[in-house]
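One letter stands for each residue in the lines below.
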Amino acid sequence: MGIFSSIGEGWKLFRDSFRVLIKKPIFLLPISISWIVFAGVILYLRYYFVFPPSPLLGLGYFYLLIFLVTLTICLANIMMLEFMQQIESGERISLPKALKETISLDFLKVIPVAAIWAVIWTIIILIRAATSKEKDKNRAEPSVRDAARVLGGADAGPFSWLKLGLSMFEKLVRMVVFLTLPAIAWENKGPFSSFGQAFKIIKKHPLQFITTYTLTGFAALIMALPVFVVLLLDKHGVAFSATFWAIVILYECIIWTLSVYLEQMSVALLYLWHLKWVKNGGEGDLSSVAKPDLFDNVYELKG
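Residues numbered from 1 in each chain as written. Predicted model: local features only at pLDDT ≥ 70, side-chain atom pairs only at ≥ 80, totals over all residues. Heavy atoms only, no water.

(A) Main features of the nonpolar core. The biggest cluster of nonpolar side chains holds 85 residues, and the ones touching the most others in it are Phe27, Trp186 and Tyr261. In terms of residue count, helix α9 (residues 242-279) provides more of this core than any other element does, 20 residues in total. With near-sequence residues (within four places) excluded, Tyr261 lies in contact with Ser17, Val20, Leu21, Phe27, Leu28, Ile31 and Met80. (Core = buried A, V, L, I, M, F, W, Y, C linked by side-chain atoms within 4.5 Å. Buried < 20%, exposed > 50% of the residue type's maximum accessible area, 1.4 Å probe, protein only. Helix = DSSP H or I, 4+ residues; strand = E, 2+ residues; numbered from the N terminus. Contact = heavy atoms within 4.5 Å.)

So, in structure tokens, the structure goes:
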């Protein structure tokens, strides 16, 4: 009974993430901006990055680009968490206030978190490159079609269990990172104590975390199916116009933004529920405490 109850709680967190989005679509704004940085770095690496003669220098340069992406995503998610704190404090959502608090209070604390994430992400990318059977001998020419294919993952190559494992581990690391961010935004914890808090919550509520991990992954897969179909048709010689490929890029932006949003919001709601559970004694199952609702109840967050 406990297992099914925990899975049900994970489902509620996932469902409520959609409810929040429907009522407050502004939550997507910071993450969609971070996609521009993500896409820009991916396309820069695709078309313009030249590996320096020094391997160490090249690796450092590559790492800095990945760090730029992780830092931007973390800051975007921090802004989203600031929106949540405003709602939970009974305030109206204020973009300027969220931006001010993100920069003045959280920016320096986020840097180590983003740096650690970038290290792991860089290692994963290097493993993929080292084990890939498809090697690009010539630099690709920039085009809308090629950009859409790259952003859609068309250069990932054929399926392998190693690639699947790396993708699953990459998502796990990302969600753990996302679980550290509420500790920074809501409880003013430092970066390393925030990691400790994240692992503590996972240890206390593992099934809820695993359920949100699974459901967000399944949602991302469903949203990506149209892109898979387009890439498959393109591979078999079906021609599409530049306008069509531009629409595909826009759709890729939407599904990437929604995927990051769902991951961050799901674990943020889990974190919020955990705070309420601890405040009520921290005994028994998580379901022993009523699930906090961003819009039905005001639950004052620490800050």
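(B) Spotlight on the environment of Gly10. When you line up the elements, Gly10 lands in helix α1 (residues 2-23). Linking Gly10 and Thr212, residues 202 residues apart in sequence, is a C-alpha distance of 5.4 Å.

(C) Inspection of the packing of helix α6 (residues 161-187) against helix α8 (residues 206-235) at higher detail. Remark: α6 packs on α8, axes separated minimally by 11 Å, with the N-to-C direction vectors making an angle of 120 degrees. With respect to α8, the axis of α6 lies oblique. Considering only the axes of α6 and α8, their crossing is right-handed. In this structure, α6 uses Met168, Lys171, Leu172, Met175, Val176 and Leu179 to contact α8, whose residues at the interface are Phe209, Thr212, Tyr213, Thr216 and Gly217. When grouped by side-chain class, the residues that make up the contact of α6 with α8 number seven nonpolar, three polar and one charged. (Axes fitted to C-alpha atoms, helices over the stretch in contact; angles between N-to-C directions. Parallel < 35°, antiparallel > 145°, perpendicular 65-115°, else oblique. Left-handed = near helix turned anticlockwise from the far one by under 90°. Nonpolar A, V, L, I, M, F, W, Y, C, P; charged D, E, K, R; others polar.)

(D) Expanded view of unusual backbone geometry. Positive phi, normally seen in glycine, also occurs at Asn188, with a value near 55 degrees. The topology assignment puts Asn188 in the loop between α6 and α7 (191-204). Asn188 sits in the partly exposed class, given a relative accessible area of 38%.

(E) Structural view of α9. Compared with an ideal rise of 1.5 Å per residue, which puts 38 residues at 56 Å, α9 spans 55 Å between its outermost C-alpha atoms and is within 8% of the ideal. Most of α9 is tucked away, with 28 of its 38 residues classed as buried. Positive phi shows up at Gly281, right after α9, with a value of about 115 degrees. (Expected span 1.5 Å × (residues − 1).)

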